[in-house]
Amino acid sequence: MNIESIVRTRYTSKAYDPMRPLSAEQRQQLLDLLRFSPSSVNSQPWHFFIIESADAKARVKPAFGDLNGGKVQNAALTVIFATRTHIDEAHLNTLLTQEQQDGRFINDEVKASQDKGRRYFVNLNSGSERQQQEWMARQAYISLGFLLLGAATLGLNATPVEGFDPQLLDEILELKQQGYRSVVAATVGYSSEQDFNAGLPKSRLPQDSVITLL
Ligand SMILES: Cc1cc2nc3c(=O)[nH]c(=O)nc-3n(C[C@H](O)[C@H](O)[C@H](O)COP(=O)(O)O)c2cc1C
């Protein structure tokens, strides 16, 4: 399947088949899509909680209400995209150490420059706690986009989900205690025959009204 076909045929699943699990390979590819998503200055200010056991589904379902609870229940898995409560010194040092281990620095000068540049952009987006949270959330939404397109490429159905109670979800998963807060979610699996969205034509504004070629 080519990208042109994928973007025109992927759609938001409204109902999942609870009897169709993912293969181990599909599941791992989804996890890779999340982990390898790009983020500003490679800040990776996120953590992805994967809801897949019956117990975890039952626990988080109340936070998804009537609109999305059924999707969480029946989808093979649900990703909770969480961001850090704040970017601290320890996280900045962890990033730098990882980049060094991964062979990104040919010498200490390059390493120091990377550290300085990252701190500059983090500070630029940390004028207030809220500004930093919003900046981190934008990074999380990039990984949501990666997941949606990637899932479609794997022949899977998915649903981006903002329709949940983040405070309740954070309480259920004890995210604050772990230094995170939920931002957005996505369910992934195989649509069921009850998925009314499967047969609907896609609707988008015309190219000329959303894209300007200069
Ligand atoms: C950030 C975001 C949040 C969304 N939240 C929900 C949701 O809570 N429940 C739902 O059924 N669909 C949700 N949607 C799906 C949108 O309604 C859908 O993407 C849009 O109508 C375009 O349709 P398509 O995805 O089928 O192309 C969400 C989409 C995005 C991008």
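All of these numbers come straight from a predicted model, not from anything done at the bench.

**Q** A description of the packing of helix α2 (residues 24–35) against helix α7 (residues 129–153) should follow, citing residues and the corresponding values.
**A** Where α2 contacts α7, the two axes come as close as 8 Å, and the packing angle between them is 150 degrees. Relative to α7, α2 is oriented roughly antiparallel. Both α2 and α7 take part in a crossing whose hand is right-handed. Contacts from L30, L33 and L34 of α2 reach α7 at S143, F146, L147, G150 and A151. Considered class by class, the residues forming the contact of α2 with α7 number six nonpolar, two polar and no charged.

**Q** Tell me what's going on with the site of the ligand, and back it up with residues and numbers.
**A** Y11, T12, P160, E162 and G163 are the nearest of the 13 residues found near the ligand. For the shell around the ligand, the element with the most residues is strand β3 (residues 157–161), which contributes three residues. Considering only residue class, the shell around the ligand consists of five nonpolar, five polar and three charged.

**Q** With reference to specific residues and values, describe the sheet that holds strand β1 (residues 46–51).
**A** Across the sheet, four strands lie side by side as β1-β2-β4-β3; this open sheet has antiparallel pairing. Edge positions in the sheet fall to β1 and β3, since each has one partner strand and no second. Each adjacent strand pair in this sheet contributes to an overall mean axis angle of 25 degrees, direction not counted. Of the strand pairs in this sheet, β1 and strand β2 (residues 77–84) are connected by six bridges, and their pairing is antiparallel. Bridge pairing links W46 to T83 in β2.

**Q** Tell me about helix α6 (residues 108–124), and please be specific about residues and values.
**A** End to end, α6 covers 24 Å across 17 residues, agreeing with the expected 24 Å (1.5 Å per residue, within 8%). Burial analysis of α6 places just zero of its 17 residues in the buried class, a small minority of the element.

**Q** Break down the environment of P206 for me, citing the residues and quoting the values.
**A** Tracing the chain through its elements places P206 in the loop between β4 (180–189) and α10 (207–210). Looking at P206, the number of C-beta atoms within 10 Å reads 7, which means it is exposed. Separated by 104 residues in sequence, P206 and D102 have C-alpha atoms that sit 44 Å apart.

**Q** Explain helix α5 (residues 89–101) to me, using residue names and the numbers behind them.
**A** With 13 residues, α5 should reach 18 Å at 1.5 Å per residue; the first-to-last C-alpha distance of 18 Å fits that figure. Backbone geometry just downstream of α5 places G103 in the positive-phi region, at approximately 80 degrees.

**Q** Outline the domain arrangement of the protein, listing residues and values.
**A** The domains assigned to the protein are domain 1 (3–87 + 126–210) and domain 2 (90–125). Computed over C-alpha atoms only, the centres of domain 1 and domain 2 are separated by 29 Å. Facing eleven residues of domain 1, the contacting portion of domain 2 comprises ten residues. Among the elements that line the side of domain 1 that touches domain 2, the one with the most residues is α7, at three residues.

About the criteria used
- Residues numbered from 1 in each chain as written.
- Predicted model: local features only at pLDDT ≥ 70, side-chain atom pairs only at ≥ 80, totals over all residues.
- Axes fitted to C-alpha atoms, helices over the stretch in contact; angles between N-to-C directions.
- Helix = DSSP H or I, 4+ residues; strand = E, 2+ residues; numbered from the N terminus.
- Parallel < 35°, antiparallel > 145°, perpendicular 65-115°, else oblique.
- Left-handed = near helix turned anticlockwise from the far one by under 90°.
- Contact = placed C-beta atoms within 7 Å.
- Nonpolar A, V, L, I, M, F, W, Y, C, P; charged D, E, K, R; others polar.
- Near = placed C-beta within 6 Å.
- Pairing = 2+ DSSP bridges.
- Expected span 1.5 Å × (residues − 1).
- Buried ≥ 20, exposed ≤ 12 C-beta atoms within 10 Å, placed from the backbone.
- Domains from an automatic or database assignment.

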